[in-house]
Amino acid sequence: MFGFLLKKLSGRHYRKFVAKCRPVVDRINALEQEYQSLSDEALRAKTDDFRQRIKAGATLDDILPEAFATVKNAARRLCGRTVLVCEHELVWNMVHFDVQLIGGMALHQGKIAEMATGEGKTLVATLPLYLNALASRNCQLVTVNDYLARRDSQWMGHLYQFLGLTVGCIQNQMSPAQRREAYGCDITYGTASEFGFDYLRDNGMATRKEDQVQRDHFFCIVDEIDSILVDEARTPLIISGPMAIQREQPYPRLKPSIQRLVDEQTRLCNRLVGEVKTVLEKADATAEDKTDAFQKLLQVKVGSPKNKLLMRLMETPEWRKQLDKVELEMNSDFNKEANFRLKEELFFVIDERQHQADLTEKGRTFLKPEDPDAFVLPDLPTLFSDLEREHDLSPEEKENRKRTARERFEAVGEDIHAISQLLRAYSLYERDVQYVVTPDGKVAIVDENTGRLMPGRRWSDGLHAAVEAKEGVQIERETRTYATITIQNYFRMYAKLAGMTGTAETEATEFHEIYKLDVVVIPTNRPCIRKDENDVIYKTRRSKFQAVIKEIEAAHKIGQPVLVGTVSVEASEVLSRMLRRSNITHAVLNAKFHEQEADIVARAGQRGAVTIATNMAGRGTDIKLGEGVADLGGLFVVGTERHESRRIDRQLRGRCSRQGDPGRSKFYISLEDDLMRLFASAGPLARIMEKSMTEDEELAHPLLNRSIESAQKKVEQQNFSIRKRLLQYDDVLNKQREIIYAIRNDALHSDEPRKVIFDMIGEEIANRLESAGFGEKGGPVPQALEGLVGWLNTHFPVGLHAADFEKLPAEEAAKVIVGRISEAYALKESAENRDALLHLERYLVINAIDNHWQEHLTEMEDLRKSIGLRSYGQKDPLVEYKSEAFRYFGELMDNIRVQICTSVFRSATNLIALENMKNMLARSARLEGPGTPQAAAPAAAPAAPGEPAGEPKREIKLPVIQVKRDVPKVGRNDPCPCGSGKKYKNCHGA
Ligand code: ADP
Ligand code: MG
C-alpha cells in the first residue's frame, strides 16, 4: 500500500521535471526551425561563437537551448547521408525527438535519465556532450564494452565533426600516445575500466608528466549506468605485477586434510538425509520423530547446502515449509543452545547467504586430533599481560616470547583463513557454474550476470588460490598491487557525473546515497504496449524447461521471434540441447565476443528467430523487428529464471516493444531456482504451494509475482548493504589515495619538486624535535638529543652540533636545522646540471612514494583480512579497520619522509656531480670552521662521544652512493669516483 503511494509520488516528481523542461523544448524547437535556413558553415560557426561567449562569462545553462538546437539541426542535415560505422555503411535517419531533448537536459543536470531500450540514448548523449565540451574541457562517455565505444564514437562522431568538435575513443590495446590523443579530443568514448586504469597509470605509475594521458575529470556520462555502477561496483580495478618475494601458499598444504574433512561431512550429511527420508516417508511416524527429522535436515542444510538429496526432498513444498519453520525457530534466541549443539555435530558450518564457512570443534579435532587448538587464535592480550607478570624473565626473553606468540598468531590466523576459503571453495563454488577450468589449467571466473568468462580476474582474499588448490591446478603466483581503485570511487571524482539506462528506478536509493545521482524517468517517445504476463511457477527445473520449450515451439510455429534469457551459461546450454532435440534452429549467445554478439542480437527480431542469451549479452544493441513480425505480436521475451535483482529482469523485458512496437514477456520459475530456494519460501507463496503441486502442474497468480518481487527486494537490499559496507571500507583507502596521489602529482608537475622534498624534510625534523622533547617543559632529553644529532649528521652533510639548536624553541630549532640543510643543498645544486637535478628530485619523491605506497596497499589488504578474523571479538570491524588504517597511514608517511631524507644527499645525477658537490661542501666546511658563531658553542655542549669537544665536525660523510642516470664510464686507472684518492681498479673497481 505504502509502496504504491510512494510510486505515485515519485511518478509525480518525474512528471514535474518533464513539465519544467517543456518550455525549453519549445524554445529549442523554435530555434532549430530558425537554423534550418542557415548555411552549413553558419551552423558550424555557432560552435566557435558559443565558445567565445562562454569565455566571456556565459554559463552552459545560458546557451543550452541554442546548443541543443544546433545539435538537433546538425542531425537533421545529416539525414539521408551514408555514414560509416565500424566498417558498415548506414544511412543517418535520426533527428532528436522531444523526449530525447528532455533526456539530454537531465544528463546535463547531472542526473540519471531512465529511458527505455530503443529510445535512442546514444543520440541523447550528443546534446549534453556537445554543450559541455564547449567549456573546452574533456567530456567523456562510458560504454559497457570496447565495441560499443568504437561504434558509438564513430556513429555520433559524424555529428560532432559536422559541428567542428573532435571525438576520440579509447580501446584496450592502445598505446599511451594514442590514448593521450584520444583524451585530447573534445569528447572521448571508452569503457569504465579503460578510464579507470588510465587514471591509475597516470597517478600511480607515470614517472613523467609527459606519460600521463588523461587531462580532465570534468563531465562524464555513463551509459547503462546500472550495469557499471551497481553490477560492477564490487570489482575493484587493480594493476598488479609479480611480487619480489613469493610467500609459501597454505592451500596445497591444507588441501588433503580439508578434502578428507569435506568427504567426511558429505558422508555424514548423506546418512542424515537418508534417515530423514525414511522417517518422512513412513506413514506412522510420530510428531516427535518428525521434529527430530527436520532438525537433522537443517543440519544437512547448514553442513552441505547443495546436497542433492536435500534438494530433492525440498521439492515437496510441505517439507520445505517445515524445514523453514524449524530453521526460523532454531535461529531465535530461545534456541541458541540447541542451535549450537546442532552445529557442533557437524565438522564445519556453511552460511550460504553470508558466504561464510567455519570449522566446528569436531572439525578441528578431526583435522588435528592431538592439538585441536591448532586452529584457535591465541589470545594475545592475556598472553602478554601474563608475560609481564613473570618477573624471572629477562626483558629480552619476554620480548622473544612475545615475538613467538605474535608469529604464531599470524600463522594460525592465516591457516584459519585459508581453511575457511577452502571450505567455501568446496561447498559453495561449483565447477562450470561459478567458474570453469580452462584447457590450459586456469580457474576462470564466470560472470554471474553475463555468463562471460573473465580470464585474468581473480577472486580476492585467497579464494581463487583455494579453488585452484581444490581443482589441483597450478596456483598462480602471488602478485603485488601497484595501484587500485574501485569503479565507485573512480566515478566519484568527476565534477559532474550523469548516466542513462533503461533500468535505474529500482536502484534510485543507491544512486542517490552513494553517488548523489537523482533518477528521472523520461517518458517514451511512443507509448509502450508490451504485455508483461504473470510469472508461471513449476515444481522442478525440468518441468519448467519443458514448458519453456513448448512455449517456444508454439511461437516458432507461427514465426514469432523469441528471445530467451537465462541466468547462467549452463542453463543456456541445457535449453540449447532441448531445442536441438525439438529441431528448432536457434542462436546461443554467451557474451564472449561483443561484436559478434551484437550482430546476433540485432537479428533476434527477425521472423522465426530463436535466440538464447545470458542476461547481459548484447546489452546496448537494438533489436529491430523484421518484416511482418509486428503482426505476429512482435518479439516474445521468455525469462527462464527470476534474477536476484528486479532490474536485470526489467532489462530483459525491455528488449522487446521498443519505440511502440508490440511484444510480450513472460517468466518461468521453478521451486528449485536459487532465488526461490533461498528467499521466497516463506510467506504467501508457501501458502499457495501448500496444496502440493504435481510435477507438471503450473501455477500463475498476480500474488505470486508480488511475493517473488519481495524476495528480490530482500536480495537487492542485502546486496546494496554489502556494496555500501564495501564502500565504507574503501573510503578509508580512497582518502589515503587522494593524499598520496596529490603529493605525487605535485612532484610530477611542479617546476620545483624540491619544495615537496623540503616540506617532507621539514616535517620529519619537526617530528623528531618533538619526540626528542623539544617544546616540553624540561627541554630536550639529552639522550634523545644526542640521537637526533647523530641522525641529522648521517643523513645530511650539515655537521650540526647539539649546541647549535638545543637551547632554541622547537620552531626556531627546526628553522636552524632546515636552514643548514638548504645551504648544503644549494651547494649540491651548484654542482649539478639543473635539468638533470629537477629530474632527480622528482624521481626521489616518486620513488619513495611508490615503494611505500605499494607496500601499504598490500598491508591494507592484509589488514582487511585480519579484521574479518578480529570481528570475533564483538567489536565493530569497520571502526577497528579505520583506526588501524590511520596508524598504518601515519607509518606510511613516516617511511616516505625517511626515504626522502635518506636519499636526498646520497644520490646525484651523475658521479661527476657528486664529486663536485663533495668538494664544494668540503671547501665550505673549511670556510665555516672554528670561530664561526655556531662553532663558538659553550664547551659544556654535549658532544658526540669520541669526538673532541669544540671541534665541530663539518666534513661530509655520504655513506652509500646511489647513482641514478648518466653514469660516466670510469677508466680502470682513473681516480676512483668515491673520492678515496686511490685508482679505480684498486678501490671500487676492484
Ligand atoms: P538505446 O541505447 O536507448 O537502447 P539506441 O541508441 O541503441 O537506443 O537506439 C535505438 C535505435 O533507435 C537506433 O537504431 C537508432 O537509430 C534509433 N533512433 C534513435 N533516435 C532516433 C530518432 N530520433 N529518430 C529515429 N531513429 C532513432
Ligand atoms: Mg544504448
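Here we summarise the structure given alongside this text. (Residues numbered from 1 in each chain as written. Chains lettered and ligands numbered in written order. Predicted model: local features only at pLDDT ≥ 70, side-chain atom pairs only at ≥ 80, totals over all residues. Heavy atoms only, no water.)

**With respect to the overall build of the protein**
Working step 1: Each helix and strand in the protein was counted, giving 34 helices and 25 strands.
Working step 2: In the protein, the share of contacts with a sequence separation of at least 24, taken over all contacts with a separation of at least 6, comes to 74%.
Working step 3: Accessible surface, the protein as shown: approximately 46600 Å² in total, 51% of it carbon and sulfur. (Helix = DSSP H or I, 4+ residues; strand = E, 2+ residues; numbered from the N terminus. Contact = heavy atoms within 4.5 Å. Areas by Shrake-Rupley, 256 points an atom, 1.4 Å probe, with all protein chains shown as cover.)

**Considering the pattern of salt bridges**
Working step 1: Scanning all chains against the criterion turns up 61 salt bridges.
Working step 2: With a closest N to O distance of 2.7 Å, Arg768 and Glu764 form a salt bridge. Note that Arg768 and Glu764 are positioned in helix H29 (residues 753–771) at a spacing of 4 residues, about one turn of the helix.
Working step 3: Overall, Glu764 belongs to the buried group, its relative accessible area being 4%.
Working step 4: Across the pair Arg897 and Glu764 runs a salt bridge whose closest N-O atoms are separated by 2.9 Å. (Salt bridge = Lys/Arg side-chain N within 4 Å of Asp/Glu carboxyl O. Buried < 20%, exposed > 50% of the residue type's maximum accessible area, 1.4 Å probe, protein only.)

**A word on the site of ligand 1**
Working step 1: Around ligand 1 there are 17 residues in total, and Val95, Gly118, Lys121, Thr122 and Lys624 lie nearest to it.
Working step 2: At 3.1 Å from an oxygen atom of ligand 1 is found a main-chain nitrogen or oxygen belonging to Gly120.
Working step 3: One of the side-chain nitrogen or oxygen atoms of Asp622 is found 3.2 Å away from an oxygen atom of ligand 1.
Working step 4: Starting from 560 Å² of accessible surface for ligand 1 in isolation, the protein chains cover 88%.
Working step 5: Tallying contributions element by element places helix H5 (residues 121–124) first for the shell around ligand 1, with 3 residues.
Working step 6: Here the shell around ligand 1 is built from residues that sort into 6 nonpolar, 6 polar and 5 charged. (Near = heavy atom within 4 Å. Polar contact = N/O pair within 3.5 Å; in protein donor to acceptor, adjacent residues only side chain to side chain. Nonpolar A, V, L, I, M, F, W, Y, C, P; charged D, E, K, R; others polar.)

**Details of the sheet that holds strand E15 (residues 496–501)**
Working step 1: Across the sheet, which stays open at both edges, the 7 strands sit in the order E5-E6-E4-E7-E15-E3-E16 with parallel pairing between neighbours. Strand pairing shows two members of the sheet lacking a second neighbour, strand E5 (167–169) and strand E16 (519–521), which therefore form its edges. Averaged over all pairs of adjacent strands, the angle between strand axes in this sheet comes to 20 degrees, irrespective of strand direction.
Working step 2: Pairing of strand E3 (residues 112–114) with E15 involves 3 bridges; the strand directions are parallel. (Pairing = 2+ DSSP bridges. Axes fitted to C-alpha atoms, helices over the stretch in contact; angles between N-to-C directions.)

**So, the sheet that holds strand E11 (residues 435–437)**
Working step 1: Ordered by their spatial adjacency, 3 strands build an open sheet running E11-E12-E13, and the pairing between neighbours is antiparallel. Because the sheet does not close on itself, it has two edges, and the strands there are E11 and strand E13 (453–454).
Working step 2: Pairing of strand E12 (residues 443–446) with E13, which is carried by 2 bridges, proceeds in the antiparallel orientation. The residue bridging Ile445 from the neighbouring strand is Met454, located in E13.

**Remarks on the nonpolar core**
Working step 1: Among the nonpolar cores identified, the biggest contains 157 residues, and Phe491 and Phe805 are the most heavily contacted of them.
Working step 2: If we ignore the near neighbours within four places in the chain, the residues touching Phe491 are Val142, Ala192, Cys220, Val222, Ile228, Leu229 and Leu497.
Working step 3: If you look at the next biggest cluster of nonpolar residues, it comprises 57 residues, including Leu280, Leu310, Phe347 and Val473. (Core = buried A, V, L, I, M, F, W, Y, C linked by side-chain atoms within 4.5 Å.)

**Brief notes about the side chain of Gln171**
Working step 1: Inspection of the secondary structure assignment puts Gln171 in the loop between E5 and helix H8 (176–184).
Working step 2: A residue is classified by how much of its surface remains accessible, and Gln171, at 7% relative accessible area, is buried.

**Describing the environment of Leu808**
Working step 1: If you trace the backbone, Leu808 turns up in the loop between helix H30 (782–795) and helix H31 (810–830).
Working step 2: Separated by 33 residues in the primary sequence, Leu808 and Gly775 place their C-alpha atoms 9.3 Å from one another.
Working step 3: Discounting residues that sit within four places of it in the chain, Leu808 has contacts with Phe774, Ala813 and Val816.

**Side note on the pairing of strand E6 (residues 187–191)**
Working step 1: Most of E6 is tucked away: 5 of the 5 residues are buried.
Working step 2: Two strands pair when backbone bridges link them, and strand E4 (residues 139–143) and E6 are joined in this way by 5 bridges, in the parallel orientation. The partner of Cys139 across the bridge, within E6, is Ile187.
Working step 3: Relative to E6, E5 runs parallel, the two sharing 3 bridges. Residue pairing for E6: Gly168 is matched across the bridge by Thr188.

**Regarding the packing of helix H18 (residues 395–427) against helix H19 (residues 463–471)**
Working step 1: Running from amino to carboxyl end, H18 crosses H19 at an angle of 60 degrees, the nearest separation of the two axes being 8 Å. As the angle between them shows, H18 and H19 are arranged oblique. Note that H18 runs across H19; the crossing there is right-handed. In this structure, H18 contributes Gln421, Leu422, Arg424, Ala425 and Tyr426 to the contact, and H19 contributes Leu463, Ala466, Val467, Ala469 and Lys470.
Working step 2: For the contact of H18 with H19, the per-class residue count stands at 7 nonpolar, 1 polar and 2 charged. (Parallel < 35°, antiparallel > 145°, perpendicular 65-115°, else oblique. Left-handed = near helix turned anticlockwise from the far one by under 90°.)

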